[in-house]
Amino acid sequence: MQSPPHEPLSPRAELRATVLIYLAGFTYHIGLGSTLILVPLYALHLGFDLAELGVIIASQAVFGLLLRLFAGAISDRFGERWVLLFSFGTMVVGAGIIGASDTFWTLILGQTFLGISRATYWTATQSYCSRINPAKAGTLLGRMSSSRTSGDMVGAASAGFIAETMGYGSAWAVIVGLGGVGLVGSLVLPLLPRKDALRGFKQALAPIPSMARSPSMAMAGITAFVASTAMTIAVILLVPYLRELGNGETTVGLVRTAGLVSSVGIGVIFGKIVSRTGQKNLYTLALGAMGVIMLAVPLVGSTLAPMGALLFLYGTFYGLLGPLYPLTAATYSSQEQRGVAMAYVGLYWGAAQVVVPASFGLLAASYGLKDSFWFAGVMFLVFAAAMPLLFPYLTKGHRAAQSRA
């Protein structure tokens, strides 16, 4: 196999790589934003309760956990675009299965393929984006987050409308088509330069034990878990809550979109924000604000305007967490091991995707959605309170090593 280039990208090639990965993220997240709305709505439409809904949502992350490591190794060994091809392909399969499903276990099967797709997608795109120009990793990851969130907005707004007006089968067919577009687009992504020659697959996986022992990478993993929790709460609590208030699919999708608008603008200026505040302070701010917002959700009643305002704020602070945890992973890993590093912290992300929907689904079924929001708010506030102590403690070894270099 031909080795990837060793020289840095020219400005023109860097622009091409940046635009194409942003387009890939935008396209993929139209599908992802759609599934985050359609899966809970479709499951509720079929008559499943909140505990069963939690299991259905959690099932997408189970088999994707270990695949993250292999996706990272393949990204480091052969290049990220091959992983993206696989990701879009499994997206097509998963959406097709769910679109033809009306039973619990077929939904689980479709969700499994979608989970495999997500696990490999996140690893490849975060690795690729952070390596286009390592000096601008924060800016590139932030703008990639904006591109992804723009896709989420389109998906969330259109999925509910299509499902309500044309049926769920048509909505899932659209996602299958998006996956096909992504398959074609992935083929034209340029390979990125590497300082080292291509390694064997075994050597690509070799850094994992040292990462597992690294307190700094544990910090990156913890922040990935927290960011994943923030994303999952919107699926397992907010969507069913809006439905419980009597809103149709179109309204649920539009209100959910309101929670994504602010994330787009945040991503564009993310690099400037994090350079001024620092990662630790930004985690504390974002998580504390999300805790307060969760506590406020049950207090606003059934009126859509204040609910939309709360979701707008929620999207603002989630827009900070989305690119922040991969930036933490990039900060505490080498460029040549970036794919495996993103995959390693992705294990924490995937673990939250399993634990949080299953546990909150059971909690909501047992105690109600409103009480679940109280619990979520306290949980985020605890995360926020821990950051000022946890972040410097776990990263002090890395900073000491840098000061000796």
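Above this text sits the structure in question.
Just so it is clear, the model here is predicted, and its values are computed rather than measured.

Rules behind the numbers
- Residue indices begin from 1 for each chain and proceed along its sequence in written order.
- Where local features are concerned, this predicted model is filtered to residues with pLDDT of at least 70; where side-chain atom pairs are given and counted, the filter is 80 or more; whole-chain, interface and lining totals use all residues.
- Excluding hydrogens and water, the side-chain values take into account all heavy atoms of the structure.
- Structural elements are reduced to axes, namely lines fitted to C-alpha atoms, with helices fitted over the stretch in contact, and the angle between N-to-C directions of any two is expressed from 0 to 180 degrees.
- Where helices and strands are cited, they refer to DSSP runs of H or I of at least four residues and of E of at least two residues respectively, numbered from the N terminus.
- Convention used here: angles under 35 degrees read as roughly parallel, angles over 145 as roughly antiparallel, angles from 65 to 115 as roughly perpendicular, and any remaining angle as oblique.
- Handedness of each helix crossing follows the sense of rotation of the near helix against the far helix: counterclockwise by less than a right angle gives left-handed, clockwise gives right-handed.
- Residues count as neighbours in contact if any of their non-hydrogen atoms are within 4.5 Å of one another.
- Residue type decides the class: Asp, Glu, Lys and Arg count as charged, Ala, Val, Leu, Ile, Met, Phe, Trp, Tyr, Cys and Pro as nonpolar, and the leftover types, Gly among them, as polar.
- Only protein chains enter the accessibility calculation, which uses a 1.4 Å probe. A residue is then buried if its area is under 20% of the maximum for its type, exposed if over 50%, and partly exposed in between.
- Within 3.5 Å is the distance limit for a polar contact, defined as a pair of N or O atoms, with the added protein rule that one can donate a hydrogen and the other accept it, and that residues adjacent in sequence qualify only through two side-chain atoms.
- Working definition: rings of Phe, Tyr and Trp (its six-membered ring) pair if their centres are within 6.5 Å, and the pair is stacked with planes under 30 degrees apart, edge-to-face with planes over 60 apart, and tilted otherwise.

**Details of the packing of helix α10 (residues 215-244) against helix α14 (residues 304-331)**
Interhelical geometry of α10 versus α14 gives an angle of 155° and a closest axis separation of 9 Å. Between α10 and α14, the interaxial angle falls into the category roughly antiparallel. Like other packed secondary-structure pairs, α10 and α14 cross with a definite hand, here left-handed. Contact residues: α10 offers M217, A220, T223, A224, A227, A230, M231, I233, A234, L238, Y241 and L242, while α14 offers M307, L311, Y314, Y318, L321, Y325, T328 and A329. Among the residues forming the contact of α10 with α14, the class breakdown is 18 nonpolar, two polar and no charged.

**Some thoughts on helix α2 (residues 50-59)**
Of all the ten residues making up α2, seven are buried; the element is thus mostly covered by neighbouring parts of the structure. Looking only at α2, the buried set comprises L50, L53, G54, I56, I57, A58 and S59. Where α2 begins, the capping side chain belongs to D49, and its oxygen is found 3.2 Å from the backbone nitrogen of A51.

**Considerations on the packing of aromatic side chains**
Overall, the coordinates contain eleven aromatic pairs when judged by the stated rule. For the ring pair Y28 and Y121, a centre distance of 3.9 Å and an interplane angle of 5° mean the geometry is stacked. Residue Y28 is found in helix α1 (residues 11-45), and its partner Y121 is found in helix α5 (residues 104-132); the two are separated by 93 residues along the sequence. Pair check on accessibility: Y28 and Y121 agree, each one buried. Ring centres of F380 and F383 lie 6.4 Å apart, and the angle between their planes is 65°; on these two criteria the pair is classed as edge-to-face. You can see F380 and its partner F383 sitting in helix α16 (residues 369-404), three residues apart, about one turn around the helix. Take F380: its relative accessible area is 0%, and that puts it in the buried class. The exposure class of F383 is partly exposed, given its relative accessible area of 22%. Among the aromatic residues, those joined into a ring-pair cluster are Y28, F88 and Y121.

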